[in-house]
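# An overview of the molecular structure
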Amino acid sequence: QAPTLRPGIALATRVGERRSFTLADGSKVTLDPDSQLLAALGTERRELSLKRGRARFDVAHESRPFVVFAGGGSVTARGTIFDVIVGKSDAVTVRLLRGAVDVVRPATSRDAKPAVARLAPGEEFSFGETGVPDLGASTKTSGATAPEPAPAALAAREYSMAPLSAVIAETNKGSGLLIRAADPAIGALKVSGR
């Protein structure tokens, strides 16, 4: 059972360590290896700041807004499950598993206003220095389910003509949300990608 934590706390995990915590409001936070999160649960708002790594938030339903700050942007939710990942150079990715969230990325030098996106389950939103030509831009992708990312300590995996069943098994390692093929024959399909 995860310990219940008081407001105004700092949470961190070491390399190779993954931990779950229960905040005083009943929300659950799971930190991947080498992650750091600051939390302040005030009377008006619940504010958290992900400094590095990856965190999954299972937000307790209540009237106070639940806001996670990362990489100059923010994610606002009231009762939902979502991941926030702070990568190299403060690149941020938000993946929504259940509910709805509003993501605000910081304004870039190309535009004066921050971009806002409302995500639905299975969508993601990214911003910040990503190492691709369109730095600072946001992306929003849609799908029936959100694939579970590998733990932050692991590098991205490349697949070339691998059986889908092997990709699903690798994706499910350490995941709280499991992917299952509806038809076993689907697992024999060969897939390539990252």
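Everything numeric in this text was worked out from a predicted model, so none of it was measured. (Residues numbered from 1 in each chain as written. Predicted model: local features only at pLDDT ≥ 70, side-chain atom pairs only at ≥ 80, totals over all residues. Heavy atoms only, no water.)

Let's shift gears to the side chain of Glu 17. With respect to the element layout, Glu 17 can be found in the loop between β2 (9-12) and β3 (19-23). Of note is the side chain of Glu 17, whose polar atom sits 2.8 Å from the backbone nitrogen of Arg 14. (Helix = DSSP H or I, 4+ residues; strand = E, 2+ residues; numbered from the N terminus. Polar contact = N/O pair within 3.5 Å; in protein donor to acceptor, adjacent residues only side chain to side chain.)

If you check which residues of helix α1 (residues 164-172) are buried, you get Leu 164, Val 167, Ile 168, Thr 171 and Asn 172. Along α1, the residues classed as buried sweep out an arc of 130° about the axis, all on the same side. (Buried < 20%, exposed > 50% of the residue type's maximum accessible area, 1.4 Å probe, protein only. Arc of directions from axis to C-beta.)

With that settled, the discussion passes to the packing of aromatic side chains. Considering all chains together, one arrives at three aromatic pairs under this definition. Ring geometry for Phe 57 against Phe 66: centres 5.9 Å apart, planes inclined by 65°, an arrangement best described as edge-to-face. Considered together, Phe 57 and Phe 66 belong to a single accessibility category, that of buried residues. Taken together, Phe 57, Phe 66 and Phe 82 form an aromatic cluster joined through their ring pairs. (Phe/Tyr/Trp six-rings, centres within 6.5 Å; stacked < 30°, edge-to-face > 60°.)

As a further point, take the pattern of salt bridges. A full pass over the atoms with the stated rule returns 13 salt bridges. Here Arg 46 makes a salt bridge to Asp 25, at a shortest N to O gap of 2.6 Å. Here Asp 25 lies in the loop between β3 and β4 (28-31) and Arg 46 lies in strand β6 (residues 46-58), a separation of 21 residues in the sequence. On the basis of relative accessible area, Arg 46 is assigned to the buried category, the value being 0%. (Salt bridge = Lys/Arg side-chain N within 4 Å of Asp/Glu carboxyl O.)

With respect to the secondary-structure elements, Ser 74 resides in strand β8 (residues 73-77). Look at Ser 74 and you get buried, because its relative accessible area is 14%. The contact partners of Ser 74, leaving out residues within four places of it in the chain, are Val 67, Val 68, Phe 69, Asp 102, Val 103 and Val 104. (Contact = heavy atoms within 4.5 Å.)

With respect to the helices and strands, Gly 8 occurs in the loop between β1 (4-5) and β2. A C-alpha to C-alpha distance of 8.6 Å links Gly 8 and Gly 42, two positions 34 residues apart in sequence. Beyond its immediate stretch of four places on either side in the chain, Gly 8 contacts Ala 39, Ala 40 and Leu 41.

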